[in-house]
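# Working through the structure, step by step
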Amino acid sequence: MKLSRDLPRWALRAGLLAALSLVTVAEVAASSTLVLQSVTPDATPSVELWWTSTTDAGFVRYEVYRQAHQLTVPAANGVTLTALLLAALGIALMGTWLRGRQGRLPRLAPPVLALLAAGVGFASQSESRLDPLAVIDAQGTKLYTDTQVTAGVTYDYWVTLVTSSDGVLQSDTVMVPVGTIDVAPECTTNGCLRQCSYGGSYTKAVIDPYATPDINFDNGYSIYTIYYATDGAVSGATVTVPFDTGLTPPAGGWHIAANNHGTVGIGDVCATAGLSVGIGLSSYFGGRGMIGVTSDYAGLGTPGLHHYLTQRVEATSSLDGMRATRTLAALLGLPITNRFAAAGLSQGGHATFAAAALHAEYAPDLDIRAFAAAGPATVWESHWLPTTSYITDALKYHAMLFYAWADRYGWSKPIWASSLSSTIDDTMNNYCMFALGESIGDRIPDIPNRIFDETFLHEMQTETWSEYTMVHDAFTLNAVAPYEQTAPFRVYQGDEDNTTPEPYTRETVEALQAAGNAIDYVVVPGAEHETTAFFYLTSSQLADDESIAWIRSQLDAN
């Protein structure tokens, strides 16, 4: 995958560019620099290494080496049991040695103990290539493609800058997981990591040109796509891990922050995991010194239909996405604080309220320190139904909602106007809200009686439920409502937001506050729906800096 040719600019602006988290740079000579700017596996599979160097040391050459590691994920199997037994035996022998040596450690004790500790976690089989994969005699930006790789294997690559007299000026090392790694593909425990794959890495310097000048972010990031079990279903997510030249983890490790995505559609074709939307959203945190995760809600790209604006589905997908990210960090050997935060825009705001409400019951193992939302969907019946009396393109959201709820709750009564009933399945399963081509909005009329059954429409418009009481019940079940609070919650609302109007959000917040929930409410002057907070890293948002500072302050607090 060539950065200069295969990636469209709109995808790059959405956040597809990223930077690898596991690179270390050893500066040997002040007169030279060697930086691995990006590493990308493609579908062949193969691995492409891009690096940049400058030196005044005269004629140089580049040497590329690699080592392969086949990870074995810890589980209740023979490998782990053997590792544990070896560890116990090693500790016992070490104790015997110490007693015999008056407490002095043998010279090999530290590496032996390190190997034993590693054996308890992940076992690996390694294949070393001591001869250079490539020797390149030139300066500037270089590219090497390694086609002798196997999907599911992790490779360490060394790129070394050497003078004509074989003096090493500088060396750069990178770990590259290739293809999809099956971690526990059949697991069903909530939040267990089934699969992960690596999606490319890029530095902040590479990302900067695609961001508007007013955006402040700290680092590049690596991209990973994961799939995990959640509440009897499966979800996918995009994870971005901080990286940049010379970047090291904070003393206590990285925090993990979820950015729950807004409305994209309900069919599999609308999934965001590993794609530009998921990358752009998870990098809101991944580009700012935290591990970011954006989860698809169950049914997006995985079996079953996505049940749009259903609290249980959104909450479990988000909470289990954070659990799976925790496991991914362990798999990659990344230090983390085990402190979490969750945020989201629009539907993502509704999902964040849902996660906050279900946190104590469903995921008490997650130490979530902060929740935040921007322009959250409320799913209040009084906020949704008035628009069914008008000609408006907002009706596409109503169509999506009732299609999803009909599947979720098994509704059998007529919902659709006869002119729409023959195409509604195709529209909902094969089109998305935002697309370069035809979208759901293009296929759903903006006239109420051309969308909905006459009786159904009448009961919605009058809110006099008789035949369709199940609709009223679904609104009651999924509306943002008072809950058992486990962490601070802050809401950001643009005063020029026409998708989620400020009066609706204010009414919701005031109802929660009146019921005893401590909700901070911040109105952002001049902000529209997608220019408030928690949208793409590379898109201008007026509460960017403030929202990140607040979340970080909650995560850092003792």
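Below, the structure is looked at part by part. Just so it is clear, the structure is predicted and the values come from calculations on it, not from any experiment.

The rules behind these values
- Residues numbered from 1 in each chain as written.
- Predicted model: local features only at pLDDT ≥ 70, side-chain atom pairs only at ≥ 80, totals over all residues.
- Heavy atoms only, no water.
- Salt bridge = Lys/Arg side-chain N within 4 Å of Asp/Glu carboxyl O.
- Helix = DSSP H or I, 4+ residues; strand = E, 2+ residues; numbered from the N terminus.
- Buried < 20%, exposed > 50% of the residue type's maximum accessible area, 1.4 Å probe, protein only.
- Contact = heavy atoms within 4.5 Å.
- Polar contact = N/O pair within 3.5 Å; in protein donor to acceptor, adjacent residues only side chain to side chain.

A separate point is the pattern of salt bridges. Enumeration over the complete set of coordinates arrives at 16 salt bridges. One salt bridge connects R66 with D146, and the closest N-O pair in it is separated by 2.7 Å. Of this pair, R66 sits in strand β4 (residues 60-72) while D146 is found in strand β6 (residues 140-146), placing the two residues 80 residues apart along the sequence. Residue class for D146 comes out buried when judged on its relative accessible area of 2%. We note a salt bridge from D320 to R323, for which the minimum N-O separation is 2.8 Å. One end of the pair is D320 and the other is R323, both in helix α6 (residues 311-332) and 3 residues apart, which spans about a single turn. Here the two residues D320 and R323 agree in accessibility, since each one is buried. Salt bridges sharing partners connect three or more residues here, namely D320, R323, R326 and D365.

This part covers the side chain of T316. Along the polypeptide, T316 turns up in helix α6. A relative accessible area of 3% places T316 in the buried class. Beyond its immediate sequence surroundings of up to four residues, T316 is in contact with T230, D231, G321, L358 and Y362.

Another aspect to go through is unusual backbone geometry. Phi is positive for S346, which is not a glycine, with a value near 65 degrees. Judged by its relative accessible area of 13%, S346 is buried.

Now for the side chain of H529. By the secondary structure assignment, H529 is in the loop between β18 (519-524) and α16 (544-556). Given the relative accessible area of 10%, H529 is considered buried. Engagement of the side chain of H529 in a polar contact is seen with the side chain of S346, the distance being 2.9 Å. Only 2.7 Å separates the side chain of H529 from the side chain of D497, close enough to count as a polar contact. Apart from the residues within four sequence positions on either side, H529 is in contact with L345, S346, G375, D497, T499 and T500.

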